[in-house]
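Working through the structure, step by step
One letter stands for each residue in the lines below.
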Amino acid sequence: MTDLTAIQLKILDFIKASLAERRMPPTVREIAEYMGYRSDNAAYQHLQALQRKGVLELEGRSRGIRLRVPLGLPIVGQVAAGAPILAEEHIAGYLPVTSCLFRKPADFLLRVKGDSMRDAGILDGDLLAVHKTRQVEQNQIVVARLEDEVTVKRYRQRGNVVTLLPENADYEPIKVDLRRESLAIEGVMAGLIRGGEPVGE
């Protein structure tokens, strides 16, 4: 895809983000708005150029865009407070791997920051493969959202109190009383990628 222009790459990334976040492509109008075009026709002309280059197919419907290039799994970088984890602005890129590579189907990859899960083999800079779900079992490694922060920890719950446990003695567990504090589970660990090679859970 080295012959794509910067604008075409930007549109392609927006389509990929929409597919990853909403499971459907954007409309031509949404693409035009994202790119700051006053006319849908300007966006459509870029889509036609992408079709000529074999990147996608236009199928004549409102959301009739079908990618012909491997989408791969989105890599989530920094996550802003209150925004969906798979929002377009959080996606740092895509890794061309299939979700079936892992024990559970992975929906996205999260770039690990810090060493709080070191003793579980999850290191700073690793890509954590995440199965997006709200359902979690005791002792699973989860991606949890605590107000302004997304964290990777081991999950334990007793009554209304959830304890998010690090796997490094230098860090303290995080206790969350669900009666007073909000906690959202973004997903559970499906596997790990380090240096381009998958590592099973």
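Residues numbered from 1 in each chain as written. Predicted model: local features only at pLDDT ≥ 70, side-chain atom pairs only at ≥ 80, totals over all residues. Heavy atoms only, no water.

Turning our eyes to something else, we now look at a negative patch on the surface. There is a patch of like negative charges on the surface, built from Glu 147, Asp 148, Glu 149 and Glu 181. In this structure, Asp 148 sits in the loop between β7 (141-146) and β8 (149-158). (Patch = residues over 30% accessible without salt bridge, like charges linked within 9 Å, V, L, I, M, F, W, Y side chains within 5 Å. Areas by Shrake-Rupley, 256 points an atom, 1.4 Å probe, with all protein chains shown as cover. Salt bridge = Lys/Arg side-chain N within 4 Å of Asp/Glu carboxyl O. Lys, Arg positive; Asp, Glu negative; His and termini not counted. Charge placed at Lys NZ, Arg CZ, Asp CG, Glu CD. Helix = DSSP H or I, 4+ residues; strand = E, 2+ residues; numbered from the N terminus.)

Let's shift gears to unusual backbone geometry. Positioned with a positive phi, Asn 139 is a non-glycine residue whose angle comes to about 75°. Within the secondary structure, Asn 139 sits in the loop between β6 (127-131) and β7. Under the relative-accessibility criterion, Asn 139 is labelled partly exposed at 35%. (Buried < 20%, exposed > 50% of the residue type's maximum accessible area, 1.4 Å probe, protein only.)

Our focus in this paragraph is the packing of helix α1 (residues 6-22) against helix α2 (residues 28-35). Viewed as axis vectors pointing N to C, α1 and α2 meet at an angle of 125°, and their least axial separation amounts to 11 Å. The angle between the axes of α1 and α2 places the two elements in the oblique class. Judged by the sense of rotation from one axis to the other, the crossing of α1 with α2 is right-handed. Residues Ile 7, Lys 10, Ile 11, Phe 14, Ile 15 and Arg 22 of α1 form the contact with α2, whose participating residues are Glu 30, Ile 31, Tyr 34 and Met 35. Residues that form the contact of α1 with α2 fall into these classes: 7 nonpolar, no polar and 3 charged. (Axes fitted to C-alpha atoms, helices over the stretch in contact; angles between N-to-C directions. Parallel < 35°, antiparallel > 145°, perpendicular 65-115°, else oblique. Left-handed = near helix turned anticlockwise from the far one by under 90°. Contact = heavy atoms within 4.5 Å. Nonpolar A, V, L, I, M, F, W, Y, C, P; charged D, E, K, R; others polar.)

What follows deals with the packing of aromatic side chains. Scanning the model with the defined rule gives 1 aromatic pair in all. When the centroid spacing of 4.1 Å and the interplanar angle of 5° are considered together, the rings of Phe 14 and Tyr 34 count as stacked. Linking Phe 14 in helix α1 with Tyr 34 in helix α2, this pair joins segments that are 20 residues apart in sequence. Since its relative accessible area comes to 13%, Phe 14 is described here as buried. Overall, the relative accessible area of 28% leaves Tyr 34 in the partly exposed class. (Phe/Tyr/Trp six-rings, centres within 6.5 Å; stacked < 30°, edge-to-face > 60°.)

So, about the packing of α1 against helix α3 (residues 40-52). To characterise two packed helices, one gives the angle between the axes of the helices and the distance between these axes. Remark: α1 packs on α3, axes separated minimally by 10 Å, with the N-to-C direction vectors making an angle of 90°. Here α1 lies roughly perpendicular to α3, going by the angle between them. Counted together, Ile 7, Gln 8, Ile 11 and Ile 15 of α1 and His 46, Leu 47, Ala 49 and Leu 50 of α3 form the full contact between these two elements. Looking at side-chain class alone, the contact of α1 with α3 contains 6 nonpolar, 2 polar and no charged residues.

On the secondary structure map, Lys 53 appears in the loop between α3 and β1 (56-58). On the basis of relative accessibility, which here comes to 34%, the residue Lys 53 falls in the partly exposed class. Expressed as a C-alpha distance, the spacing of Lys 53 and Gln 138, which sit 85 residues apart in the sequence, is 49 Å. Within the local environment of Lys 53, its side chain forms a polar contact with the side chain of Gln 8, the two groups lying 2.9 Å apart. (Polar contact = N/O pair within 3.5 Å; in protein donor to acceptor, adjacent residues only side chain to side chain.)

By the element assignment, Arg 63 lies in the loop between β1 and β2 (65-67). For Arg 63, a relative accessible area of 27% puts it in the partly exposed group. Counting along the chain gives 33 residues from Arg 63 to Glu 30, while the straight-line C-alpha distance between them is 9.9 Å. For Arg 63, the residues in contact, after removing those within four places along its chain, are Arg 22, Met 24, Pro 25, Pro 26, Thr 27 and Glu 30. At 3.0 Å, the side chain of Arg 63 and the backbone oxygen of Pro 25 are in polar contact.

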